[in-house]
Amino acid sequence: MGQYQDAIWRVSEILLNYDNDKKIPMFGFGARPRFPNFNTNDTLHCFSLTGNPQSPEVLGLDGIMSTYSYAVRHVELNGPTLFGPLLVEAVKLSEAIKLSEVDIYNVLLILTDGEIHDMQQSMDLLVSASNLPLSVIIIGVGDSDFSKMEILDGDSGIVDSRGTKASRDICQFVPFNRYKGDPTQLAEKVLSELPGQVVKYKALMGHPPRPPMKFDMNSSVLNFA
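How each quantity is defined
- Residues numbered from 1 in each chain as written.
- Predicted model: local features only at pLDDT ≥ 70, side-chain atom pairs only at ≥ 80, totals over all residues.
- Heavy atoms only, no water.
- Helix = DSSP H or I, 4+ residues; strand = E, 2+ residues; numbered from the N terminus.
- Rg over C-alpha atoms; globule rule 2.2 N^0.38 Å.
- Buried < 20%, exposed > 50% of the residue type's maximum accessible area, 1.4 Å probe, protein only.
- Contact = heavy atoms within 4.5 Å.
- Areas by Shrake-Rupley, 256 points an atom, 1.4 Å probe, with all protein chains shown as cover.
- Lys, Arg positive; Asp, Glu negative; His and termini not counted.
- Charge placed at Lys NZ, Arg CZ, Asp CG, Glu CD.
- Pairing = 2+ DSSP bridges.
- Disulfide = S-S within 2.5 Å.
- Core = buried A, V, L, I, M, F, W, Y, C linked by side-chain atoms within 4.5 Å.
- Phe/Tyr/Trp six-rings, centres within 6.5 Å; stacked < 30°, edge-to-face > 60°.
- Axes fitted to C-alpha atoms, helices over the stretch in contact; angles between N-to-C directions.
- Right-handed = clockwise from strand over helix to strand, strands pointing away.

Our focus in this paragraph is the overall build of the protein chain. Along the protein chain, the regular secondary structure elements total eight helices and 10 strands. For a compact globule of 225 residues, the expected C-alpha radius of gyration is about 17 Å, and the protein chain comes in at 19 Å, within 12% of that figure. Overall, the protein chain is about 65 × 50 × 40 Å in size when its C-alpha atoms are taken along their principal axes. Buried residues in the protein chain amount to 41% of all 225 residues. Pairs at least 24 residues apart make up 72% of the contacts formed inside the protein chain by residues separated by at least 6 positions. Entry remark: accessible area of the protein chain is about 12,900 Å², with carbon and sulfur atoms responsible for 53%. Here the protein chain holds 19 positive side-chain charges and 27 negative ones, and the gap between their average locations is 3 Å.

Let's shift gears to the sheet that holds strand S4 (residues 38-39). One open sheet accounts for three strands, arranged S4-S3-S7; its pairing is antiparallel. In the strand order of this sheet, the two ends are held by S4 and strand S7 (75-77), each with one partner. Strand direction decides the pairing type here: strand S3 (residues 31-35) and S4, joined by two bridges, are antiparallel. Bridge pairing links Phe-35 to Phe-38 in S4.

Summed over all chains, the structure comprises zero disulfides. Cys-46 takes part in no disulfide bond, and the closest cysteine sulfur to it belongs to Cys-171, at a distance of 17 Å. Look at Cys-46 and you get partly exposed, because its relative accessible area is 25%.

What follows deals with the nonpolar core. The biggest cluster of nonpolar side chains holds 29 residues, and the ones touching the most others in it are Ile-64, Ile-139, Leu-186 and Val-190. Counting residues per element, the ones that place at least two in this core are helix H1 (3-15), S3, helix H2 (60-72), strand S9 (134-140), helix H6 (176-179) and helix H7 (183-191). With near-sequence residues (within four places) excluded, Leu-186 lies in contact with Arg-10, Ile-14, Val-174, Phe-176 and Tyr-179. Counting residues in each nonpolar core, the second largest holds 25 residues, with Phe-83, Ala-129, Val-136 and Phe-146 among its members.

Looking at the element boundaries, Ser-161 is found in the loop between helix H5 (147-153) and strand S10 (171-175). The exposed category is assigned to Ser-161, whose relative accessible area is 51%. For Ser-161 and Ser-135, which are 26 residues apart along the polypeptide, the C-alpha to C-alpha distance reads 20 Å. Excluding residues that lie within four positions of it along the chain, Ser-161 makes contacts with Gln-120 and Asp-124.

Applying the stated criterion across every chain yields a total of five aromatic pairs. Note on Phe-35 and Phe-38: the rings are 6.3 Å apart at their centroids and 5 degrees apart in plane angle, and the pair reads as stacked. Of the aromatic side chains, those joined through ring pairs into one cluster are Phe-35, Phe-38 and Tyr-70.

Moving on: the sheet that holds S10. Read across the open sheet, the three strands follow the order S8-S9-S10; overall the sheet is parallel. In this open sheet, the two edge strands, each paired with only one partner strand, are strand S8 (106-112) and S10. Along the sheet, successive strands turn relative to each other by an average axial angle of 20 degrees, direction set aside. The sheet contact formed by S9 and S10 spans five bridges and is parallel. What sits directly across from Ile-137, in S10, is Gln-172. The sheet contacts of H1 involve S8 and S9, and relative to S8 the element is tilted by about 165 degrees.

Next up on the list: the pairing of S10. Counted residue by residue, S10 has five buried out of five residues, so it is predominantly covered. Once the chain exits S9 it traverses H5 before rejoining the sheet at S10, and the crossover so formed is right-handed.

Structure representation (structure tokens):
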């Protein structure tokens, strides 16, 4: 199993525990698709890894891994590396969810070697997405320079090109190699900011978390059947 497959397996296994239907849209970027029914000489920066532009969703961890294995045999990697189109797609999905008022929160998982050629646009999009039901988790694979990913992480707040500061932190960067040997530490790092980001979004929308429920063990019956 290669580094990317290892990272996809371990991180997806963590995040899928919090997904109700286990249906995950998978997108690639920085490549020329060479699928049997989807072939172009253009370098695309947001395309379905299933090979079907109208159906990017896969089911569960097995679906994620098999789709990735299929996709790597049918793409030609090519620069530049742009996060913008992926973020735009995530923003569109999250805007639709916000307008529909359904209780869904999106997480965009990006795996990268650390290179990025649209840093400012990505920062602008993260700022604009900070009032949407969206978090972004960036997993750095390999031992490259991830200093730009640390900037996008922006724990102290990021500012867009117009000087507007994000209303909340929505991005978390995790260097995979640092934690891959310890599944517990990896899970803690991947999830370390997500609960707080969800709570802050709810508060931003005027829905603070409910108070903790009191549970009386003496007067309750638990059924494990």
